[in-house]
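Fold and geometry: a report
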Amino acid sequence: MNCYYHTNSPAIGLCKHCQRGLCSDCGATVDDSLACRDRHEEQVVALDEMIKQNILKSKRAGSDYVRNTIFYGIVGLLFTAFGVSQIQWLGVQAVVYAIIGLALLWASLANYLESKKYK
Ligand SMILES: [Zn+2]
Ligand SMILES: [Zn+2]
């Protein structure tokens, strides 16, 4: 394969933006990527930036779900344990606590399953 701009020069790689072959004169290195010098350098920078941010975003979202799993899990367990242990003294009120606890445990489970998607 030869350079798209100089059909006599062998290409050293492809522009990340337009996928054209580039010789060492036409290729500009942007981070670890190749771009058409003075043509697609900005586009490739933007593309790399977008990819980086997407990775960051999914990592952040994943850790949010893990945090929620732990938070809902602990609070849910406390409510459930409290409700169940108080049922003979508090009656209906204790049942309400237990139901809240179970709902929180359910939320914890949902967050846990969601966090698995980001692994
Ligand atoms: Zn290009
Ligand atoms: Zn060239």
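In short, a report on the structure. Quantities reported herein were computed from a predicted structural model and do not represent experimental measurements. (Residues numbered from 1 in each chain as written. Chains lettered and ligands numbered in written order. Predicted model: local features only at pLDDT ≥ 70, side-chain atom pairs only at ≥ 80, totals over all residues.)

Over its 45 residues, helix α1 (residues 41-85) extends 66 Å from the first C-alpha to the last, a length consistent with the 66 Å expected when each residue adds 1.5 Å. Within α1 the residues assigned to the buried category are Val-44, Tyr-72, Gly-76, Phe-79 and Gly-83. Where α1 is buried, its residues meet β3 (27-30), β4 (33-36), α2 (87-90) and α3 (92-116). (Helix = DSSP H or I, 4+ residues; strand = E, 2+ residues; numbered from the N terminus. Expected span 1.5 Å × (residues − 1). Buried ≥ 20, exposed ≤ 12 C-beta atoms within 10 Å, placed from the backbone. Contact = placed C-beta atoms within 7 Å.)

With respect to the helices and strands, Leu-77 occurs in helix α1. Overall, the presence of 14 C-beta atoms within 10 Å leaves Leu-77 in the partly exposed class. Non-local contacts of Leu-77, meaning those with residues more than four positions away in its chain, are made with Gly-101 and Leu-105.

Attention now moves to unusual backbone geometry. Although it is not a glycine, Gln-19 sits at a positive phi angle of roughly 65 degrees. Tracing the sequence through the fold places Gln-19 in the loop between β1 (13-14) and β2 (21-22). The phi angle at Asp-38 is positive, at roughly 65 degrees, despite the residue not being glycine. Along the chain, Asp-38 falls in the loop between β4 and α1.

Ala-11, Cys-15, Leu-22, Cys-26, Val-30, Leu-34, Ala-35, Cys-36 and Val-44 form the largest nonpolar core, which has nine residues in total. Looking at which element gives the most residues to this core, the answer is β4, with three residues. Setting aside residues up to four positions removed in sequence, Leu-22 forms contacts with Cys-3, Tyr-4, Ala-11, Ile-12, Gly-13, Leu-14, Cys-15, Gly-27, Leu-34 and Cys-36. (Core = buried A, V, L, I, M, F, W, Y, C linked by C-beta atoms within 7 Å.)

On to the packing of α1 against α3. Where α1 meets α3, the axes come as close as 7 Å, and the angle between the chain directions of the two elements is 160 degrees. Our classification of the angle between α1 and α3 gives roughly antiparallel. Once α1 is placed against α3, the crossing between them reads as left-handed. A class-by-class count of the residues in the contact of α1 with α3 yields 18 nonpolar, eleven polar and one charged. (Axes fitted to C-alpha atoms, helices over the stretch in contact; angles between N-to-C directions. Parallel < 35°, antiparallel > 145°, perpendicular 65-115°, else oblique. Left-handed = near helix turned anticlockwise from the far one by under 90°. Nonpolar A, V, L, I, M, F, W, Y, C, P; charged D, E, K, R; others polar.)

Our focus in this paragraph is α3. Helical periodicity: at 3.6 residues per turn, an α-helix aligns residues three or four positions apart in one direction. Between its terminal C-alpha atoms α3 stretches 36 Å, which fits the 36 Å expected from 25 residues at 1.5 Å a residue. Along α3, the residues classified as buried are Tyr-97, Gly-101, Leu-104, Ser-108 and Asn-111. Its buried side turned inward, α3 meets α1.

Attention now moves to the environment of Ile-12. Assignment of secondary structure puts Ile-12 in the segment before β1. Here the alpha-carbon distance between Ile-12 and Asn-2, two residues ten residues apart in the chain, equals 8.3 Å. Once you skip the residues sitting within four places of it in the chain, Ile-12 turns out to touch Leu-22, Cys-23, Ser-24 and Gly-27.

What follows is about the pairing of β4. Both faces of the sheet carry side chains from a regular strand, because those side chains alternate between them. The side-chain alternation of β4 yields two buried faces, one formed by Ser-33 and Ala-35 and the other by Leu-34 and Cys-36. Where β3 and β4 come together, four bridges link them in antiparallel fashion. Among the inter-strand pairings, Val-30 is bridged to a residue of β4, identified as Ser-33. (Pairing = 2+ DSSP bridges.)

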